[in-house]
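So the chains spell out like this:
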Amino acid sequence: MHHLDIKGLEAAYGAVPVLSGIDLPVAKGDVIGLIGPSGSGKSTILRVLMGLIPPTAGTVTLEGNLVDYRDAAAVRRLRERVAIVFQQYNLFQNMTVLENVTVAPVKIRKRPKGEVETEARALLAKVGLGDKLDRFPDQLSGGQQQRVAIARALALKPEILLLDEVTAALDPELVSEVLDSIRLLAEDGMTMLIVSHEMGFIREVSSRVAFLDRGRIIEMDDARTIFDAPREERTRSFVSKILRH
Ligand SMILES: Nc1ncnc2c1ncn2[C@@H]1O[C@H](COP(=O)(O)OP(=O)(O)OP(=O)(O)O)[C@@H](O)[C@H]1O
Ligand SMILES: [Mg+2]
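My aim in this report is to walk through the structure given alongside it, one point at a time.

Definitions and limits used
Residues numbered from 1 in each chain as written. Chains lettered and ligands numbered in written order. Predicted model: local features only at pLDDT ≥ 70, side-chain atom pairs only at ≥ 80, totals over all residues. Heavy atoms only, no water. Near = heavy atom within 4 Å. Polar contact = N/O pair within 3.5 Å; in protein donor to acceptor, adjacent residues only side chain to side chain. Helix = DSSP H or I, 4+ residues; strand = E, 2+ residues; numbered from the N terminus. Expected span 1.5 Å × (residues − 1). Buried < 20%, exposed > 50% of the residue type's maximum accessible area, 1.4 Å probe, protein only. Contact = heavy atoms within 4.5 Å. Pairing = 2+ DSSP bridges. Axes fitted to C-alpha atoms, helices over the stretch in contact; angles between N-to-C directions.

1. Brief notes about the site of ligand 1
In the vicinity of ligand 1, 13 residues are found, and the nearest of them are Ser38, Gly39, Lys42, Ser43 and Thr44. Between Ser40 and ligand 1, the recorded distance is 3.2 Å, taken from a backbone N or O atom to an oxygen atom. The separation between an oxygen atom of ligand 1 and a polar side-chain atom of Thr44 is 2.5 Å. At four residues, helix α1 (residues 42-49) tops the list of elements feeding residues into the shell around ligand 1.

Laid out in structure tokens, this is it:
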């Protein structure tokens, strides 16, 4: 059974269609790299998955169960299993690092504070912030803040993590520390969908890469095929432009 199975997914902003016939089967532990030109629909796929934009057609199945995006309770349950981290990390500025990571599990999930804090400390240590627990976000670098955002998402114990350009707003020297954290998650077997312009990273970490153009998956294959020997001309053209930078 697929961990996540997307079939025939379509979405639109108003009357403008932005996703057409997206088929994306995702196995447990898969790391799917989503690449493609600006405006091709990468973020929209993640937004639809999270229930932030209603699909206009198609189905999403999570471990064999169809997700009903019209049902608010079903969307809430989905968000307990699938987490997203955006480019803008949106930390709570008035809370410490530790509080940022513990607030949702304690206040929303009603889990015991002591237990949540123990887990949060371990997560923050894992992303290299074990010594920054009592800092406030504005006392951290962008890369450190983004790692807090990743730890915050992980504190909800998601089965699937969606990452949308999480390094795009960072200074180049801060990118690698965030990528290191994501690499560790991949090694731990976390199922992930990763949108990124860091092609070297996508190539290294992805079990499969999907190339999107104009709301369609043009080609999906292992990273080596997509980057070295794509079947489709559009993929070839995109990859050759990107790799020339
Ligand atoms: N809120 C919105 N309202 C209307 N159209 C939108 C909205 N958000 C995105 N779009 C359009 O939907 C299409 C897909 O956008 P999307 O953000 O998914 O692209 P993307 O592949 O993530 O691009 P980028 O690499 O620039 O982030 C684009 O044509 C975009 O202009
Ligand atoms: Mg985007």
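2. What about helix α3 (residues 97-108)?
Taking 1.5 Å as the rise per residue, α3 with twelve residues should run 16 Å; its terminal C-alpha atoms sit 18 Å apart, in good agreement. Across the twelve residues of α3, nine count as buried, placing the element largely inside the fold. Taken as a whole, α3 has its buried residues at Val97, Leu98, Asn100, Val101, Thr102, Val103, Ala104, Pro105 and Val106. Where the residues of α3 are buried, they touch α4 (113-126) and α5 (142-154).

3. Let's talk about the sheet that holds strand β8 (residues 191-195)
Strand order in the open sheet formed by six strands is β6-β7-β8-β3-β9-β10, with mixed pairing between adjacent strands. The strands lining the two open edges of the sheet, one partner per strand, are β6 (82-85) and β10 (216-221). Adjacent strand axes in the sheet meet at a mean angle of 20° when their direction is disregarded. Pairing of strand β9 (residues 208-213) with β10 involves five bridges; the strand directions are antiparallel.

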